[in-house]
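Chains, contacts and geometry: an overview
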Amino acid sequence: MPVPTDRITVSIHAADPLGRAGVVSHLQRQPSMEIVPGSREREGLAPAATVAVMLIDRIDDRSSAELRKVLRGGEQRVVLVARELREPELLTVVEYGVRAIVWRHQATEDSLVKAVRQAAHGEGVLPPDLISRVLGQVGRLRRSETAAACSGTANAPLFGMAPRETDVLRLIAEGLDTRQISDKLAYSERTVKNILHALMTRLQLANRAHAVAYALREGYI
């Protein structure tokens, strides 16, 4: 049998050994795909993976940290096989740059192979029921951007944080109140409140403490 010229190297990331074995079983039968160790398991001159398949139940602190680690450097394209994703978690997944999502209960050999191939070619794959949820999220974010423009907090990014937002959160983390922050940054107190409101609405953060925790976890401050 001739060796495929478009070989795709794939690493598998799963805390569940049984789930990992299932993915390996599905993909290793494909002549065009080669299972390679993950970054922590690589030795010698083992090739880096083109696509990383990651199995999770949902986005939590552990899976979020693992996802960032896999995506670090921007070279690997991730296929996320998830049991469930809440709407706020969709933002996290999109922000991190995940190329494809497959529901775990729908992860057949055909669907996994298709997702890996499309991700390897830079294409995105979403389950049909997720598409409307993503569009709804983007619509809400766009409305938030419009509100921010009206309130003087324009230029905030669709995802992540703008410099003025990190400045405010850094001072909150240092224990300053709204008045002290406005004095420090030469903003009005209303502007400080608008910046925080727009940020927490856009990223669906519950309160100032949640916003500071998010910024710390994601490395903004």
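For the structure itself, look to the data block above.
Now for a description of the structure that goes with this document. Just so it is clear, the structure is predicted and the values come from calculations on it, not from any experiment.

Section: the overall build of the protein chain
Regarding its fold elements, the protein chain presents 9 helices and 5 strands. Reading the secondary structure of the protein chain in the N-to-C direction produces β-α-β-β-α-β-α-β-α-α-α-α-α-α. Going through the 221 residues of the protein chain one by one, you find that 42% of them count as buried. At a minimum sequence separation of 6, the contacts of the protein chain that also span at least 24 residues come to 67%.

Comments concerning the packing of aromatic side chains
Summed over all chains, the structure comprises 0 aromatic pairs. Its guanidinium or amino end placed over the ring of Y187, R164 lies 5.1 Å from that ring's centre, counting from NZ or CZ.

Here we look at helix α9 (residues 208-217)
The set of residues buried in α9 consists of A211, V212, Y214 and A215. For α9, the angular spread of buried residues about the axis comes to 160°, placing them on one side. You can read the cap of α9 off the contacts: a side-chain oxygen lies 3.2 Å from the backbone nitrogen of A209, and it is on N207. Backbone geometry just downstream of α9 places G219 in the positive-phi region, at approximately 85°.

Brief notes about the pattern of salt bridges
Evaluated as defined, the whole model comprises 6 salt bridges. Between D16 and R104 there is a salt bridge whose closest N-O contact spans 3.1 Å. Taken together, the residues D16 in the loop between β1 (8-14) and α1 (17-27) and R104 in the loop between β5 (100-103) and α4 (109-120) connect sequence positions 88 residues apart. Its relative accessible area of 34% is what places D16 among the partly exposed residues. For D57, the salt bridge is made with R83, and the minimal N-O distance between the two is 2.9 Å. With D57 in the loop between β3 (51-56) and α2 (61-71) and R83 in the loop between β4 (77-82) and α3 (87-96), the pair connects residues that are 26 residues apart, well separated along the chain.

Cut-offs and rules
- Within every chain, residues take consecutive numbers counted from 1 along the sequence as written.
- Reporting in this predicted model follows two pLDDT cut-offs: at least 70 for local features of residues, and 80 or more for side-chain atom pairs to be given and counted; totals over whole chains, interfaces and linings ignore these cut-offs and use all residues.
- Note: side-chain values were computed over all heavy atoms of the structure, leaving out hydrogens and water.
- Comment: elements are numbered from the N terminus, with helices defined as DSSP H or I runs of at least four residues and strands as E runs of at least two.
- Throughout, exposure labels follow a simple rule: accessible area from a 1.4 Å probe, protein chains only, divided by the maximum for the residue type, with under 20% read as buried, over 50% as exposed, and the rest as partly exposed.
- Should any heavy atoms of two residues lie within 4.5 Å, those residues are counted as being in contact.
- Two aromatic rings, drawn from Phe, Tyr or Trp (for Trp, its six-membered ring), form a pair once their centres lie within 6.5 Å of each other, and the interplanar angle then sorts them: stacked below 30 degrees, edge-to-face above 60, tilted otherwise.
- Each ring is checked for a lysine NZ or an arginine CZ that lies within 6 Å of its centre and within 35 degrees of its normal; such an atom marks a charge sitting over the ring.
- Here the arc refers to the set of directions running from the helix axis out to each C-beta atom.
- Polar contact is the term for a pair of N or O atoms within 3.5 Å; when the atoms are in protein, one must be able to donate a hydrogen and the other to accept it, and sequence-neighboring residues count only if both atoms are side-chain atoms.
- Whenever a carboxyl oxygen of Asp or Glu lies within 4 Å of a side-chain nitrogen of Lys or Arg, that contact is scored as a salt bridge.

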